[in-house]
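# Per-entry structural report
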Amino acid sequence: MVASWWSRARLGIFVHWTPASVPGWAPPHLPPDELPAAGRRAPLGWTPYAEWYENSLRFPGSPTAAHHRATYGTRPYTDFGRDFEDGLSGWDPAAWARSFRAAGAGYAVLVTKHHDGFCLWPSRTANPRRPGWHTTRDVVGEFAEAVRAEGLRFGVYYSGGLDWTFDDRPIGTAADMFSAVPRGSYPAYADAQMRELIRRYRPDILWNDIAWPASAAEIRSLTDYYRFTVPHGVVNDRLLPYAPHWRTLTLPGARSLHNWWDRRTVARGEGFMPRTPPDFDFRTPEYARYTGSDPYEITRGIDHSFGYNRNSPPDAFIGRTALSALVRDTAADGGNLLLNVGPRGEDATIPAEQRLRLEWLAEDAARAG
């Protein structure tokens, strides 16, 4: 049974904030049948998710690659890590936390490491492929302290399934994604980092993404350690055990079959539901409703991206009526909404279009009393 504090929260704030937030660019969302021909073959290379910027660069014909060439020339993605660090000079985590509390949130989840492998804390677990690929400032610790000071619970997101510093093959489809779950030294690295986050920050929520690069038994060892360390903590549904057959997904037949099967799991509209792992407390439909019986948390951005996308058109942002209805209806159904904000990488500010939505929620919360 999921912890009662989580069930009562109803609203959480997700924060995707990575070096990709410096260029902060992705093509606008298009339904799959409107993608260009190349995009249909490799839709994740044409994704509106701006936090996938580094992957999109690996497709020379993608809109992101064209934008990068025109804007940055041959500048490597790794340069954005320095820009991100420079942008931290003006960061005010207390102001963020106050706005989250005013919006009615009960918890906040910070992306501590996304697929690009960049860590938002000075990890003691050194990355053997890209040394120093982390902030020198303890962003995770400062964020945790700020939100807890406002009475919110704190969660950590960790990309266990992908790390492009360990496997940088281009990911165009779901089959590509699972075949790119790193092996070799990565499982031990991910396990050590996750345990470090648990030990150091005692997060109320453990929010993994994509999958986990180890077996079900090793996942159980990790979650047992977490539940012992944080007895009131909750675990999301994306600790999917590594499956040896994922290595075959580079073969054309297996790749096509997996992608066909994956499309069957896509929810009506633009969202999807993760596969069910052996150990979890709540489900996480993404840009989708949930019709099952488990505790659940809808997760989505304010527009069609999680990371900051300066290219999002005005009609990409959720409107006031739709946002209020989403919060109200999800709560009435017994679920939570994890609403994402994507701060700018160059100056650590939450963009105006996103702040406005938080202000709408704050007005709704004040009226509700």
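Residues numbered from 1 in each chain as written. Predicted model: local features only at pLDDT ≥ 70, side-chain atom pairs only at ≥ 80, totals over all residues. Heavy atoms only, no water.

Looking now at the overall build of the protein chain. The number of helices and strands found in the protein chain is 13 helices and seven strands. Its C-alpha radius of gyration of 19 Å places the protein chain within 12% of the 21 Å reference for a compact globule of 369 residues. C-alpha extents for the protein chain along the principal axes are approximately 55 × 45 × 40 Å. Considering only contacts within the protein chain whose residues lie at least 6 apart along the sequence, 72% involve residues at least 24 apart. Taken as a whole, the protein chain presents about 14900 Å² of accessible surface, with 54% of it coming from carbon and sulfur. In the protein chain, 42 side chains carry a positive charge and 42 a negative one; their mean positions are 3 Å apart. (Helix = DSSP H or I, 4+ residues; strand = E, 2+ residues; numbered from the N terminus. Rg over C-alpha atoms; globule rule 2.2 N^0.38 Å. Contact = heavy atoms within 4.5 Å. Areas by Shrake-Rupley, 256 points an atom, 1.4 Å probe, with all protein chains shown as cover. Lys, Arg positive; Asp, Glu negative; His and termini not counted. Charge placed at Lys NZ, Arg CZ, Asp CG, Glu CD.)

In this model, the protein chain carries an average pLDDT of 93, and 93% of its residues clear a pLDDT of 70 or more. Long-range and interchain partners of residues 266-270, a stretch whose pLDDT sits below 50, account for seven contacts in this model, where long-range means more than four residues apart. (pLDDT = per-residue confidence, 0-100.)

Further remarks concern unusual backbone geometry. Phi at Y287 takes a positive value of approximately 50 degrees, unusual for a residue other than glycine. Note that Y287 resides in the loop between α11 (252-265) and β6 (297-301). Under the relative-accessibility criterion, Y287 is labelled buried at 10%. Even without being glycine, A348 reaches a positive phi, approximately 60 degrees. Here A348 shows up in the loop between β7 (336-341) and α13 (352-368). What makes A348 buried here is its relative accessible area of 3%. (Buried < 20%, exposed > 50% of the residue type's maximum accessible area, 1.4 Å probe, protein only.)

Let's shift gears to the pairing of β6. Most of β6 sits inside the fold, with five of its five residues counted as buried. The alternating pattern of β6 places E297, T299 and G301 on one face and I298 and R300 on the opposite face, and all of these are buried. Note that β6 and β7 share five bridges and pair parallel. Note on β7: the bridge partner recorded for G301 is N340. You can see the chain leave β6, run along helix α12 (residues 320-332) and come back into β7, and the turn it takes is right-handed. (Pairing = 2+ DSSP bridges. Right-handed = clockwise from strand over helix to strand, strands pointing away.)

Time to look at the pairing of strand β3 (residues 153-159). Consecutive residues of a regular strand have side chains that alternate between opposite faces of the sheet. Judged by how many residues are buried, β3 sits mostly within the fold: six of seven residues are covered. Bridge count between strand β2 (residues 107-113) and β3: six bridges; the pairing is parallel. From the neighbouring strand, K113 faces β3, where its bridge partner is Y158. Handedness of the crossover joining β2 and β3 through helix α7 (residues 139-149) is recorded here as right-handed. Pairing between β3 and strand β4 (residues 205-209): five bridges, direction parallel. Within the sheet, the bridge partner assigned to Y157 lies in β4 and is W207.

The next point concerns the pattern of salt bridges. Side-chain pairs of opposite charge can arise whenever the charged atoms involved come near each other. Taken as a whole and judged by the stated rule, the model has 26 salt bridges. A salt bridge links D279 to R227; the nearest nitrogen and oxygen atoms lie 3.2 Å apart. Within this pair, whereas D279 is found in the loop between α11 and β6, its partner R227 is found in helix α10 (residues 216-229), the two being separated by 52 residues in sequence. Judged by relative accessible area, which is 8%, D279 ranks as buried. (Salt bridge = Lys/Arg side-chain N within 4 Å of Asp/Glu carboxyl O.)

In this section: the environment of D167. One can find D167 in the loop between β3 and α8 (174-179). Looking at D167, the relative accessible area reads 13%, which means it is buried. Once residues within four sequence positions are removed from consideration, D167 is found in contact with A180 and P182. In terms of polar contacts, D167 uses its side chain to reach the side chain of R169, at 2.8 Å. (Polar contact = N/O pair within 3.5 Å; in protein donor to acceptor, adjacent residues only side chain to side chain.)

Here we take up the packing of aromatic side chains. Throughout the structure, instances matching the rule amount to 31 aromatic pairs. Ring centres of F14 and F306 lie 6.1 Å apart, and the angle between their planes is 80 degrees; this geometry places the pair in the edge-to-face category. Linking F14 in strand β1 (residues 11-15) with F306 in the loop between β6 and α12, this pair joins segments that are 292 residues apart in sequence. Arranged with centres 6.3 Å apart and planes meeting at 50 degrees, the rings of Y158 and W212 form a pair that is tilted. (Phe/Tyr/Trp six-rings, centres within 6.5 Å; stacked < 30°, edge-to-face > 60°.)

The subject of this paragraph is α12. In this model α12 runs 18 Å from its N-terminal to its C-terminal C-alpha over 13 residues, within 8% of the 18 Å that 1.5 Å per residue would give. For α12, the secondary structure elements touched by its buried residues are β6, β7 and α13. Within two residues after α12, G334 carries a phi angle of roughly 90 degrees, on the positive side. (Expected span 1.5 Å × (residues − 1).)

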